[in-house]
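Descriptive structure summary
This is what each chain is made of:
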Amino acid sequence: MKREIRDVGNGVLQVTAYDERWYARPAPDPITGLPGYEFVPSVTWIAGHYPKGVGFYKWLAMKGWDEAVAIREAAADKGSVVHQACADLVDGKTVALTSEYLDPSAGTPRVLALEEYEALLSFRDWWAAARPTTILRDEVVWGDGYAGTLDWLGTLGDPPGLWLIDFKTSSQVWPEHELQVSAYKAALLDAPPANLSGKFLQEGIPFVRLGILQLGYRLNKRRWKLTEVPDQYDLFLSARKIWEKETAGQTPAKAEYPLELTLAHGPIPEPTTKLKRIRAKAEVVSLDALGKGDAA
């Protein structure tokens with residue numbers, strides 16, 4: 001997966017690299033007071049540090065690291081493409097077999113694969129059976145030191161009630177999936193979006209049902225499965241402690257750049273980088289050592 005910086009609305013940026021994902025929102029620098037960004041880790045990145053169980057590690061040993069990584073990236077691409085198309089369907093758009101969506105790994109649009117289109121067919125069938133009414137879709141929520149994008153919040157006719165649902169194309173519901181929707185619920189309670197109002201804010205969210213909707217599911221004839229999961233926010237907090245230990249000192253890569261560029265003959269400008277600062281510090285240390293030597 002290529003490094004990607006995506007504007008997800010309201011000035012919030014989603015910064016994704018191979019093994020990390022951050023959310024950033026405008027905030028003044030705590031020291032200088034100048035405009036800057038506050039960075040927090042994503043829900044999925046934190047939840048991914050929860051132990052995956054013996055079954056996963058047996059699968060990893062059987063496939064080998066390189067093949068497992070390739071399978072994971074392909075599955076992530078499939079999930080992203082299906083999610084993009086589901087968002088269009090929820091918005092009332094028509095999705096064709098020849099529709100194109102962005103492939104995260106390639107960074108370019110491509111036509112839907114047949115397996116992805118089958119997942120969308122199952123989404124259509126679930127929609128007809130469940131009779132949903134959408135309240136929030138692809139909404140960025142900001143929790144206590146983390147952020148994430150919930151897939152869908154709304155009401156269902158069958159099974160009835162207010163639901164917070166994550167769309168998945170995986171064949172299993174993993175514990176980290178339960179942690180994700182639990183963290184989204186907690187974020188909604190802590191800092192509800194401005195467009196979430198009325199009885200759903202005052203009465204519904206504490207009792208919202210959490211679900212994982214598997215699309216393209218191959219173990220039943222419907223090809224979809226909605227699994228209700230318990231609120232596991234306490235386990236999400238435990239995963240965050242593991243994340244904090246494993247990523248201690250890790251911050252988003254930053255660099256300083258001039259605001260404008262012009263071409264001219266003459267001396268090469270000094271780079272404004274960490275390397276320049278290291279060199280300057282080294283020169284000071286060398287001069288100090290030299291002075292001490294002369295004094296002796």
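Below is a short write-up of the structure.

Conventions adopted
Residues numbered from 1 in each chain as written. Predicted model: local features only at pLDDT ≥ 70, side-chain atom pairs only at ≥ 80, totals over all residues. Heavy atoms only, no water. Salt bridge = Lys/Arg side-chain N within 4 Å of Asp/Glu carboxyl O. Helix = DSSP H or I, 4+ residues; strand = E, 2+ residues; numbered from the N terminus. Buried < 20%, exposed > 50% of the residue type's maximum accessible area, 1.4 Å probe, protein only. Pairing = 2+ DSSP bridges. Axes fitted to C-alpha atoms, helices over the stretch in contact; angles between N-to-C directions. Expected span 1.5 Å × (residues − 1). Parallel < 35°, antiparallel > 145°, perpendicular 65-115°, else oblique. Left-handed = near helix turned anticlockwise from the far one by under 90°. Contact = heavy atoms within 4.5 Å. Nonpolar A, V, L, I, M, F, W, Y, C, P; charged D, E, K, R; others polar. Phe/Tyr/Trp six-rings, centres within 6.5 Å; stacked < 30°, edge-to-face > 60°. Lys NZ or Arg CZ within 6 Å of the ring centre and 35° of its normal.

**Examining the pattern of salt bridges**
If you walk through the whole model with that rule in mind, you get 15 salt bridges. The residue K52 makes a salt bridge to E176 at a minimum N-O spacing of 3.6 Å. Of this pair, K52 sits in the loop between α1 (43–47) and α2 (54–63) while E176 is found in helix α5 (residues 175–190), placing the two residues 124 residues apart along the sequence. According to the relative accessible area criterion, K52 is partly exposed, its value standing at 25%.

**Looking at the sheet that holds strand β2 (residues 12–16)**
Across the sheet, which stays open at both edges, the 4 strands sit in the order β1-β2-β3-β4 with antiparallel pairing between neighbours. This sheet does not close on itself; its edge strands, each paired only once, are β1 (4–9) and β4 (35–41). Direction aside, the axes of adjacent strands within the sheet are offset by 30° on average. As paired strands, strand β3 (residues 21–28) and β4 are joined by 7 bridges and run antiparallel to one another. Bridged to W22 within β4 is P41.

**Notes on helix α3 (residues 65–90)**
Counted at 1.5 Å a residue, the expected span for α3 with its 26 residues is 38 Å, and the 37 Å between its end C-alpha atoms agrees. Looking one or two residues past α3, G92 carries a phi angle of roughly 90°, positive in sign.

**Describing the pairing of strand β10 (residues 209–215)**
Judged by how many residues are buried, β10 sits mostly within the fold: 6 of 7 residues are covered. As paired strands, strand β9 (residues 160–168) and β10 are joined by 6 bridges and run parallel to one another. Residue W163 lies in a different strand from β10, and its bridge partner there is R209. Bridge count between β10 and strand β11 (residues 224–229): 6 bridges; the pairing is antiparallel. Directly across from L210, in β11, lies its bridge partner V229.

**Things to note about the packing of α3 against helix α4 (residues 114–130)**
Interaxial distance between α3 and α4 falls to 10 Å at its minimum, and their mutual angle equals 40°. In terms of axis orientation, α3 runs oblique to α4. Seen along the crossing, α3 lies across α4 with a hand that is right-handed. Across from K78, V81, V82, A85, C86, L89 and V90 in α3, the residues of α4 making contact are E115, E116, A119, L120, F123 and W127. When grouped by side-chain class, the residues that make up the contact of α3 with α4 number 10 nonpolar, no polar and 3 charged.

**Comments concerning the sheet that holds β10**
The 5 strands are arranged β7-β8-β9-β10-β11 in an open sheet whose pairing can be described as mixed. Each edge of the sheet is formed by a strand with only one pairing partner; in this case those strands are β7 (133–142) and β11. Recorded for the sheet is a direction-independent mean angle of 30° between the axes of neighbouring strands. The pairing of strand β8 (residues 147–157) with β9 spans 6 bridges and is classified as antiparallel. Residue pairing in the sheet places L156 in a bridge with G161 of β9. Most of the contacts of α3 go to β7, to which it runs at about 135°, and overall it touches β7, β8, β9 and β10.

**Section: the packing of aromatic side chains**
Going through the model one piece at a time under the given rule, you end up with 14 aromatic pairs. Relative to W243, the ring of W45 has its centre 5.3 Å away and its plane inclined at 85°; by these criteria the two rings are edge-to-face. Note that W45 is positioned in helix α1 and W243 in helix α7 (residues 233–246), a separation of 198 residues in sequence. Each of the two residues, W45 as well as W243, counts as buried. Considering the side-chain rings of F123 and F167, the 5.3 Å spacing of their centres and the 65° angle between planes classify their relative orientation as edge-to-face. Of this pair, F123 sits in helix α4 while F167 is found in strand β9, placing the two residues 44 residues apart along the sequence. Comparing F123 with F167, the two get one shared label, buried. Grouping aromatic residues by their ring pairs yields a cluster made of F123, W126, W127, W152 and F167. In this arrangement the basic side chain of K52 is found over the ring face of F56, its NZ or CZ atom lying 5.7 Å from the centre.

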